[in-house]
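As a plain string of letters, each chain reads:
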Amino acid sequence: MESTLKRLVKISLLYAIFITIPVSATNNKVSDITDAYLTRNLVALNTIKAQSTSASSYEMAYMNYRLGLLLMFNDKKNDAELLLDEAESILTNQSIESSSLNYSLLASVYALKAGLNAFSGAINGKKSTDAIRKAQNIDSNNPQIWLVKGLNAHHTPKIFGGSNKKAMQFFSKAISLYSHDIDRSIYWGLEETLVWRAILHKKNKQTEEAINDLKQALRYNENFSWAKELLVKFSA
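Residues numbered from 1 in each chain as written. Predicted model: local features only at pLDDT ≥ 70, side-chain atom pairs only at ≥ 80, totals over all residues. Heavy atoms only, no water.

1. Some remarks on helix H8 (residues 143-155)
With 13 residues, H8 extends 19 Å from end C-alpha to end C-alpha; this agrees with the ideal 18 Å at 1.5 Å per step. When we look at burial in H8, the residues that qualify are Pro143, Gln144, Ile145, Trp146, Leu147, Val148, Gly150, Ala153 and His154. Against helix H4 (58-73), helix H6 (100-116), helix H7 (121-138), helix H9 (164-178) and helix H10 (190-203) lie the buried residues of H8. Between the side-chain oxygen at the start of H8 and the backbone nitrogen of Gln144 there is a gap of 2.9 Å, and the oxygen is on Asn142. (Helix = DSSP H or I, 4+ residues; strand = E, 2+ residues; numbered from the N terminus. Expected span 1.5 Å × (residues − 1). Buried < 20%, exposed > 50% of the residue type's maximum accessible area, 1.4 Å probe, protein only. Contact = heavy atoms within 4.5 Å. Polar contact = N/O pair within 3.5 Å; in protein donor to acceptor, adjacent residues only side chain to side chain.)

Printed below as a string of structure tokens:
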């Protein structure tokens, strides 16, 4: 009887641990994808994608999002849109858990799609806002929420409610939440948030603060290409 009870307790604990983790968000793969993206290693990203065992996982959606970003920066917008469509399809599938982490990634996908296609910009912009609201309702301490809100505020024209002041506040809140005891290999985005805040500091002629943010980003990932480039530029 006692051994049976112990087994039931173990099963209950394992189940409790399992349901608190977003579907398929394994930290090693997410961390590898983030590192490859930050160093602009397209070969590494494609290799990770080719080795993936699941075509409908969080990692695959995240992979497609990161590949889409790199292709967009290389002016391959059509290819980027196809990858973002794949990411959207995965994250809106009914079999995917309705977690804050999944919704914040979906919001990022919609925001990027809004920037790629002017004709569907308003529709995807609204979808991004709706997804970020759902993410926030589930867990407002998810730092990626505030990163996305900051990017949306920064890139949205003032006439439509955009504001660099709001963006700065959102980025700062994200950075504060990233500093808490969370698994940053899953909750990606800290280094980029620091860079975006550095850009806003520079716009406000706060060069010292901008440089400090860039140096901090490089302490987290010394190979972050964008941060290294901006540090040279801002230090000149």
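2. Focus: the confidence of the model for the chain
With 88% of its residues at a pLDDT of 70 or more, the chain has an overall mean of 86. Predicted confidence for residues 1-26 stays below pLDDT 50, and this span has 15 contacts to residues more than four positions away or in other chains. (pLDDT = per-residue confidence, 0-100.)

3. Here we look at the environment of Lys127
Take Lys127: it is sitting in helix H7. Sequence separation between Lys127 and Ala114 is 13 residues, and the spatial gap between their C-alpha atoms is 9.3 Å. The residues contacting Lys127, other than those within four sequence positions of it, are Glu88 and Tyr110.

4. A look at the packing of helix H11 (residues 207-220) against helix H12 (residues 225-235)
Look at H11 against H12: their axes get within 9 Å of each other, and the N-to-C directions meet at 155 degrees. If you check the angle between H11 and H12, you find them roughly antiparallel. Considering how the two elements wind past one another, H11 and H12 form a crossing that is left-handed. Mapping the contact onto sequence places Thr207, Ala210, Ile211, Leu214, Lys215, Ala217 and Leu218 in H11 and Ala227, Lys228, Leu230, Leu231, Phe234 and Ser235 in H12. (Axes fitted to C-alpha atoms, helices over the stretch in contact; angles between N-to-C directions. Parallel < 35°, antiparallel > 145°, perpendicular 65-115°, else oblique. Left-handed = near helix turned anticlockwise from the far one by under 90°.)

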